[in-house]
Amino acid sequence: MASMEEALLDCEDVAALDPLDENAVVSFIGARYREAPVGQPPKHHLIYTRAGPVIVALNPLSPVQDLYTPAQRELYSKAASERAKAEKESRVIDDSDLPPHVYEVSSKTYCGMRDGRSQAVVINGESGAGKTETAKILLQDLSEKAGDGADDLALRLLASSPVLEAFGNAKTARNDNSSRFGKLIKLHFSPTGGLSHATVAHYLLEKSRVVSQQEREPLRTHTLTQALILTLPLTQP
């Protein structure tokens, strides 16, 4: 397995794995993370891996600021624009020209929207995988592309997250502050590409946690519910 990791370290798409199974994918993504430390103390920057049209993100558990610079944003924005232009001319541009990145997703999404096609981005993963942070990075990039006034709207949308998290987060065996809910955020753009308004259309709560917890998990429900319970006065039978 070690030789396979070394041979495919420069590869960025799990579709190149042979055999392609769960163990190979996990080993491959882990090898990319471990073999790419930068700075002192070391910070790992190969946290993104491509899986066909999907970008797999690994939570680095520490900030990696050099991944999210204006220069990086511009790089992926330009690549997405060139790709959209090539599609109109029936040409094909390989995505692997740039390393996999969440900016690749946001840039393609924005270009597709500007071409008049509605877009959908699904962010999914296990507890502690970094879904909330990924959504924040993606939203910030989209607001940056949208231009004047969008930053304020994006900040207000992000500012609503603590309220939603208070109702929907809970302590689990893996994560002290796990998002136990799903939400659908709709971003509405003007014909010129500006961000006009945004809504949280659906809020799906893990209701089962209100009345019970899984084995080996702390006896805690959702954060706000737990706080309300702790404030109740004790009653004598």
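Before reading further, recall that the structure is shown in the block above.
**Topic: the packing of helix H4 (residues 102-114) against helix H5 (residues 131-146)**
Contact pair H4 / H5: the axes reach a minimum separation of 9 Å and the direction vectors enclose 45°. Taken together, the axes of H4 and H5 are oblique relative to one another. Crossing geometry of H4 relative to H5 is assigned as right-handed. Contacts between H4 and H5 involve Val102, Tyr103, Val105, Ser106, Ser107 and Tyr110 on the former and, on the latter, Thr134, Ile137, Leu138, Asp141, Leu142, Lys145 and Ala146. Across the contact of H4 with H5, the residue classes break down as 8 nonpolar, 3 polar and 2 charged.

**What about the nonpolar core?**
With 15 residues, the main nonpolar core has Ile47, Tyr48, Leu67, Val102, Tyr103 and Ile137 as its most contacted residues. Residue contributions to this core peak at 4 residues, all from H4.

**Examining the pattern of salt bridges**
If you walk through the whole model with that rule in mind, you get 9 salt bridges. In this structure, lysine 88 and aspartate 115 form a salt bridge, with 3.2 Å as the shortest nitrogen-oxygen distance. Of this pair, lysine 88 sits in helix H3 (residues 70-88) while aspartate 115 sits in the loop between H4 and H5, and the two are 27 residues apart along the sequence. Taking the relative accessible area as the measure of exposure, lysine 88 reaches 62% and is therefore exposed. Note that lysine 145 and aspartate 141 form a salt bridge whose closest N and O atoms lie 3.4 Å from each other. In this pair, lysine 145 and aspartate 141 both sit in helix H5, 4 residues apart, roughly one turn of the helix. This pair shows no difference in class: lysine 145 is buried, exactly as aspartate 141 is.

Quick notes on the rules
- Residues numbered from 1 in each chain as written.
- Predicted model: local features only at pLDDT ≥ 70, side-chain atom pairs only at ≥ 80, totals over all residues.
- Heavy atoms only, no water.
- Axes fitted to C-alpha atoms, helices over the stretch in contact; angles between N-to-C directions.
- Helix = DSSP H or I, 4+ residues; strand = E, 2+ residues; numbered from the N terminus.
- Parallel < 35°, antiparallel > 145°, perpendicular 65-115°, else oblique.
- Left-handed = near helix turned anticlockwise from the far one by under 90°.
- Contact = heavy atoms within 4.5 Å.
- Nonpolar A, V, L, I, M, F, W, Y, C, P; charged D, E, K, R; others polar.
- Core = buried A, V, L, I, M, F, W, Y, C linked by side-chain atoms within 4.5 Å.
- Buried < 20%, exposed > 50% of the residue type's maximum accessible area, 1.4 Å probe, protein only.
- Salt bridge = Lys/Arg side-chain N within 4 Å of Asp/Glu carboxyl O.

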